[in-house]
Amino acid sequence: MSGQKRIVIENCAVATVDADGTEHASGHLVVAGDRVESVGPGPAPRDLADVVRRVDGTGHLVTPGLVNTHHHFYQWLTRGLAQNANLFDWLVALYPVWARIDEPMVEAAAQGSLAMMARGGVTTAMDHHYVFPRGAGDLLAAEIRAARAVGVRFTAARGSMDRGESTGGLPPDFAVESTDAALAATEEAVRTHHDPSPGSMLHVAVAPCSPFSVSTELLREAATLARRLGVRLHTHGSETVEEERFCHDRFGMGPTAYLESTGWLGPDVWMAHCVHMTDADLSAFAATGTGVAHCPSSNARLAAGIARVPDMLAAGIPVGLGVDGTASNESGELHTELRNALLVSRLGPHRERALTARQALRLGTLGGARVLGRADEIGSLEPGKLADLVLWRLDGLGHSTIEDPVAALVLGAPAPVTLSLVGGVPVVEDGRLLTVDEDTVARTARAQSRRLLAAA
Ligand code: ZN
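Thresholds, definitions, all that
Residues numbered from 1 in each chain as written. Predicted model: local features only at pLDDT ≥ 70, side-chain atom pairs only at ≥ 80, totals over all residues. Heavy atoms only, no water. 1 Å grid on protein atoms, 1.4 Å probe; cavity = no way out; pocket = protein on both sides within 12 Å on 5 of 7 lines; lining within 4 Å. Points joined across faces, edges and corners; volume = space filled by probe spheres on them. Helix = DSSP H or I, 4+ residues; strand = E, 2+ residues; numbered from the N terminus. Nonpolar A, V, L, I, M, F, W, Y, C, P; charged D, E, K, R; others polar. Salt bridge = Lys/Arg side-chain N within 4 Å of Asp/Glu carboxyl O. Buried < 20%, exposed > 50% of the residue type's maximum accessible area, 1.4 Å probe, protein only. Axes fitted to C-alpha atoms, helices over the stretch in contact; angles between N-to-C directions. Left-handed = near helix turned anticlockwise from the far one by under 90°. Contact = heavy atoms within 4.5 Å. Donors = N, O, S within 2.8 Å, 3.2 Å for Na, K, Ca; no water. Tetrahedral: all angles 85-135°; square planar, octahedral: opposite > 155°, others 65-115°.

Q: Just to check I follow, could you spell out empty space enclosed by the protein for this structure?
A: Leftover empty space is mapped by rolling, across the atoms, a probe with the size of a water molecule. This model, assessed by the stated rule, comprises one cavity of 30 Å³ or more. Space inside the largest cavity adds up to approximately 120 Å³. In this structure, the largest cavity is lined by 16 residues; those nearest its centre are Leu87, Trp90, Leu91, His236 and Glu239. If you tally residues by element for the lining of the largest cavity, the top one is helix H1 (residues 87-98), at four residues. Residue composition of the lining of the largest cavity, by class: eight nonpolar, six polar and two charged.

Q: Which parts of the structure should I look at to understand the pattern of salt bridges?
A: Pairing between side chains of opposite charge can happen when their charged atoms approach one another. Inspection of the entire model under this criterion finds 25 salt bridges. With a closest N to O distance of 3.8 Å, glutamate 438 and arginine 432 form a salt bridge. Residue class for glutamate 438 comes out buried when judged on its relative accessible area of 16%. Judged by relative accessible area, arginine 432 falls into the partly exposed class, the value being 42%.

Q: What is the right way to read the packing of helix H2 (residues 103-119) against helix H3 (residues 139-150) from this model?
A: Two quantities define a packed helix pair, namely the angle between the axes and the distance from one axis to the other. Look at H2 against H3: their axes get within 8 Å of each other, and the N-to-C directions meet at 35 degrees. As for how H2 packs across H3, the hand of that crossing is right-handed. Residues Glu103, Val106, Glu107, Ala110, Gln111, Leu114, Ala115 and Ala118 of H2 touch H3, and the partners they reach there are Leu139, Ala142, Glu143, Arg145, Ala146, Ala147, Ala149 and Val150. Residue classes in the contact of H2 with H3 are distributed as eleven nonpolar, one polar and four charged.

Q: Can you help me understand the coordination of the zinc ion in this one?
A: Six octahedral donors at a metal ideally form angles of 90 or 180 degrees, and four tetrahedral donors ideally form angles of 109.5 degrees. Coordination of the zinc ion by the protein is provided by His70 (NE2), His72 (NE2), His236 (NE2) and Asp324 (OD), with metal-donor distances spanning 2.1 to 2.4 Å. Taken together, the four donor atoms coordinating the zinc ion and their angles of 88 to 176 degrees define a geometry best described as irregular. Taken in sequence order, the residues that donate to the zinc ion follow the motif H-x1-H-x163-H-x87-D. Of the two residues, histidine 72 sits in the loop between strand E6 (66-67) and H1 while aspartate 324 sits in the loop between strand E13 (319-321) and helix H11 (335-346), which places them 252 residues apart along the sequence. The exposure class assigned to histidine 72 is buried, which follows from its relative accessible area of 3%. Judged by its relative accessible area of 3%, aspartate 324 is buried.

Laid out in structure tokens, this is it:
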């Protein structure tokens, strides 16, 4: 790595989130180019060449950057609606609004969603976009532009819906695509945008929306398509009791058995929610390496229930955290999901032996990296991995009396981000985004939100 510019961070606590959970009460980290070169206890070596920046991390904790595994950016424009509804009633209330989105709206919503997450320590984002009204423009390209502008790594999941009201689905017919059109557009999106190279800033996944908004044929064909193209598969699964009932009524089996019957379990698949899972469902996920995007705030907001995360982890199932769309998690932040994942899990049967603070941090970092199929490159601070990291300030009012830095980060108030790097490039400094102007993003999103609500 000689000749590459180096950034040194030292005098801070370090939580590497490596396989052994290595931590240093006071340690250092050296970034060379876009990669972590070294990490260890004590100060960094003094004789390093090409050091362009030396950061004194006193009073801070450095962790891997947070990895979001489930989101719907467009919902940034429809926050705070249907406040007291369960999933199905909430969807029925919101689909007619969402069906009016267009490219400028989606770009503004994506910028808002991404800026909010990046400011709070997210370095890898994902989006599951499945509403493609006719004539709305290139919505996926709008999201990709926004991710580039904000400067985070991105997995764009090209979603789809082909089961409208007239064929027993929940969305209105004018908000869905034909099966063939959805598959063709998805293949086109992968061919145009997916970058499988090392250090990639952009992956594309194949992502029909859910068992109750998609035909069996689309699920089957989407799985075949993704495997032919060598990309990952994503959908919603086992979110609510209403979905469970829908699957039993319609297919004579629960959501996991139904998804399995259409080719949707495997190490290349991750599903959002997975709240209502039997022991047999968990065994099937574990046996196939199917991943889970756990979205505790959204599950609480929509009264969906408590996912069995301690049981999933015990079974070896890959689990990451998800913000989910901001119409069901208005905060739009991932760092608060670390805390909420821990708190919600302790309301379940495992009580105080459910998640620890360190397990929560692992879910939000390496767990998410596994779920997105990128654990070899991101999710922990180890030599050779991409330099996606966050330096959290823990000596301020919110945290200075919590001795354990990981507990301070997870259990305390949202910690200010002093510095975040994506591939060695600074994205946040002293709590401010360097890449986009927050106030401009907020103003534009508000204007587009009003346009959408007026059009609906
Ligand atoms: Zn979702």
